[in-house]
Amino acid sequence: MFINAKGLWFSYGESPRPAIKNIDLGIEKGSFTAIIGHNGSGKSTLAKLLAGLLIPTEGVVTVAGKDTKNESEQFEIRKLCGMVFQNPDNQIVASVVEEDVAFAPENLGVPPAEIRKRVDDVLAAVGMEEYAKHSTYKLSGGQKQRVAIAGILAMEPDCIFFDEATSMLDPAGQRDIVAAMKKLKEEKGMTVVTITHHMNEAVEADRVVVLNHGEIYADGTPVQVFSDVRNIKRAKLNVPQVTELMYELGKSGRQCPTDVLHTMEAADRIERLFKTHDKESKQRYNP
Amino acid sequence: MTKSQNSVITLENVTVKYGAGTPFERVALDGVNISFPKNKITGIIGHTGSGKSTLATLLNGLLKPTAGVIRLEGEDIHRDKEFTNKIRFQVGLVFQYPEYQLFEETLERDIGFGPRNMGLSDDEIARRVEKAAEFTGLDAYTLKSSPFEISGGQKRRAAIAGVIAMEPSVLVLDEPAAGLDPMGKEEILGGLCDYKKKTLSTLLLISHNMEDIAKYADYILVLKEGKVFKFGSVAEIFSEADDLFNSSLDVPQITKLFIELKKRNVIDRTDIYTVGYGARAILAKLGESGL
Amino acid sequence: MIKDITIGQFFPGDSVLHKADPRFKIIALIIFLTMTLAAESTVAFLAVLFLTLALAALSKINPKVLFKSVRPLFFILIFTAVINLFFVKGETPLFKWSFIAIYKEGVINAVVMAFRLVCLVLGTSVLLSYTTSPLDMTDALERLLSPLKYLKAPVHEFSMMMTIALRFIPTLVEETDKIISAQKARGVSFDTGGLIKRVKALIPILIPLFYSAIRRAYELAEAMECRLYRGGEGRTRMKVLNVKAGDFIMIGVMLLACAGVFYLNNFELNI
């Protein structure tokens, strides 16, 4: 396990109500995990605990074997885990794109020539190489988030967290960032964890963990988690529309398993439904 | 375009140019003609840069068009400065992420800010604040809290309440559910529909999210590159869903599904925009063959 | 609306001034300001004016933009000119009407004062603000002041603050516009009423702005820590400042010009 949380409890300040209650969770190296939940379920808090940005009130979180409570290890852990935050503006430090991306390696004391190389590489990786000398102010939300991703990649972490990083973006921007997440996992073998309440984002992950009131409510592949439509609705979340469609059709007594999340798969299923239906009705009338 | 039965706001040949005459000149809206139906919910959709936000600021008189006339109940809203200043109380505008407009010591005072600027009596202000709080689901305890102590969702409601308290006959909201989780979205949008029903006002919702618009709107205005691309009832717009899809506009997943099913000759319905309709359409077709 | 302010903005380009080492530009600017303020005789002053215009030409920046930088000064310029015209007493009266007297010296003073201001602003703009990116400026400042680190002066912190402040100026300006629009939509009027009313009207702008700025600061700090920021120690910079011969020549020319101005102060033009 790359990141391991055991018996995790967390409360903010003097708050009597814990934000995180007794969570055991392991994140495997190279996996793409989505943590979803309603507002207030604790998902952002959990992400920060897993990334070592918050210290557990009780319990242990280890990142690559290092305990996040250990002050002496905290810097090493920060090097391993980067986080892209929700507000695109509030994570950009510099007025020029390449200068912002260089921020992390500069902090690490990397020699200038090596920083230059890293900056060029990561900007290419997120498709922003043309914008290297552009002003950061004029970028769109999606572009700013890509610059933020590049800034994290420049410190060469093993793991990258996205804390509702698509919440403030328009649909096109959201699509770009989700595509970037997949690319990071597939092409760079990075461990990716995204915190979101957008279902179209969660279905792209390998694993979905559902939080409800600070506890783990469901955990499995996207299909496993979303096909239990009633369960998801009880956690105050939504399922993809096609999944809900199958659920509604199933209510009519037909065989309509809800283990479908994507448009094309659903089209296949419905097509087959009509074909078997036609066959059955033909058999009925032509025995 | 439906020449509306009963329109509350009309735009006649309205053009908005930014930076006119400079090398940075940009046409945000180009000779648009729009009639917003009274007492209905109209969704406004379009890509970033299609002119949606410009349209919003035109409607309450904040922005003056470079050319053309905007009428509220038939009257030119820019006929004189005094009239224009009153328009913003009749056409309420809630911006994106409106939480940042909160500043008073308590929510109660903040929601009353608009009414106070209208010069109303204290009793009237109190009445309006109470009503607005009720519509947005803010309880008495929260009303006494400082806007800086409450949650993001509550701030959003307070900001919307602040505009509702002016009792505008038209309410324009730019992405009112932006950044909210599914439940938060339903509460805000459902609450707004409720508000519109009870007060017989008109609602204009700007949104990127087709699934939301499909669920709550009566009419849809589609803007593309500063021009009106489509306008009609929700059913009319979705009967031409391919056009939306081909313009790279986000259509609800259920609509995409039926566009695909039509391609495969499984079922010929492309006017499906909610899951409910979709299920009914499929069951109906299955039922046709006698099973 | 507020976006039209060009003072302090950076205009990318490839002129000689753009390419010069920013540290040397700061030093050159200091020398330039010294000589502009030190020029006393008309001859010396004309030399400064000539140098300013030469620098402006070297920067290859659009004259319209340069004019825009000077425009905000018009009020001060006219005010200064008027004061000098009517209140400087000299030896050669040009015009007299009851108690109003305009002297030749006054006219010359007025003109010189006005143009001195223009040279100061224009010179600073072309030598530094318009031709140097904000980051290069703060970078250069940090490097120039770094010896002060040994005196425990917070040089790096100051520089980091400047970088972040410059980066957020356009963002905060945009946010201010948004807040103003939102409050206008709730009936606030900024251009009517007496002084007290207008000052009160600023509260719905300033409070949200401050709150937002502080929240941004917290979020930015968290993001910076996430990217391993821990102060100035051990930090390297991607940008390497390579001093070129041209930079030394620039300083040389400036020093010569400065010396020239002091020399020319001994000569006077007899108009």
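Quick caveat: nothing in here was measured; it's all calculated off a predicted structure. (Residues numbered from 1 in each chain as written. Chains lettered and ligands numbered in written order. Predicted model: local features only at pLDDT ≥ 70, side-chain atom pairs only at ≥ 80, totals over all residues.)

Overview of the sheet that holds strand β1 (residues 7–18) of chain B
Residue and element names in this part refer to chain B. To keep it simple, the criterion reads: Strands qualify as paired when DSSP identifies two bridges or more between them. Numbering goes from the N terminus for both helices and strands, where a helix is a DSSP run of H or I of at least four residues and a strand is a run of E of at least two.
Ordered in space as β2-β1-β4-β5, the four strands form an open sheet in which the pairing is antiparallel. The sheet terminates laterally at β2 (26–37) and β5 (75–76), the two strands that pair on one side only. Across five bridges, β1 lies against strand β4 (residues 67–72) in antiparallel orientation. Its bridge partner being in β4, Glu12 is matched across the sheet by Val69.

Regarding the nonpolar core
Soluble globular proteins: nonpolar side chains tend toward being buried together. Threshold: The nonpolar core is taken to be a set of buried Ala, Val, Leu, Ile, Met, Phe, Trp, Tyr and Cys residues joined by way of C-beta atoms within 7 Å. For every residue, the other C-beta atoms within 10 Å of its own C-beta are counted; 20 or more classify it as buried, 12 or fewer as exposed, and values in between as partly exposed. C-beta atoms are placed from the backbone. Delimitation of the domains relies on an automatic or database domain assignment. C-beta atoms are placed from the backbone for every residue, and two residues are taken to be in contact when these atoms lie within 7 Å.
Ranked by internal contacts, the top residues of the largest apolar core, which has 188 residues, are A:Leu50, A:Val101, A:Ala150 and B:Ala161. Each of domain 1 (3–238) and domain 2 (240–287) of chain A contributes no fewer than three residues to this core. Not counting chain neighbours up to four residues away, the residues in contact with A:Val101 comprise A:Val119, A:Val122, A:Leu123, A:Val147, A:Ala150, A:Gly151 and A:Ala154. Counting 27 residues, the second largest nonpolar core, distinct from the first, contains C:Met35, C:Ala44, C:Ile61 and C:Met254.

A look at the domain arrangement of chain A
Accessible area lost when the parts come together is the quantity often used to give the size of an interface. All names here are of chain A. Here is the rule we go by: Residues are grouped as follows: Ala, Val, Leu, Ile, Met, Phe, Trp, Tyr, Cys and Pro are nonpolar; Asp, Glu, Lys and Arg are charged; every other residue, Gly included, is polar.
Segmenting chain A into domains produces domain 1 (3–238) and domain 2 (240–287). Each of domain 1 and domain 2 has a C-alpha centre, and the two are 37 Å apart. Contact with domain 1, which involves seven residues of that partner, is made by seven residues of domain 2. Broken down by element, the residue count for the side of domain 1 that touches domain 2 peaks at four residues, all from helix α9 (residues 222–227). Here the side of domain 1 that touches domain 2 is composed, by residue class, of six nonpolar, one polar and no charged.

Describing the sheet that holds strand β4 (residues 58–63) of chain A
Residues and elements named next belong to chain A. Just so we agree on the cut-off: To define axes, lines are fitted to C-alpha atoms, for helices over the stretch in contact only, and angles between the resulting N-to-C directions are given on a 0 to 180 degree scale.
Read from one edge of the open sheet, four strands run β2-β1-β4-β5, paired in antiparallel fashion. Edge strands, defined here as strands with exactly one partner in the open sheet, are β2 (20–27) and β5 (66–67). Relative to β4, strand β1 (residues 3–10) runs antiparallel, the two sharing five bridges. Bridged to Ile3 within β4 is Val63. Across the sheet, helix α1 (residues 43–50) is in contact with β1, β2 and β4; its angle to β1 comes to roughly 125°.

Regarding the interface of chain B and chain C
Contact with chain B, which involves 19 residues of that partner, is made by 16 residues of chain C. Those elements that place two or more of their residues in the side of chain B that touches chain C are α2 (81–90), α4 (113–117) and α7 (152–164) of chain B. The element contributing the most residues to the side of chain B that touches chain C is α4(B), with three residues. The class makeup of the residues in the side of chain B that touches chain C is twelve nonpolar, six polar and one charged.

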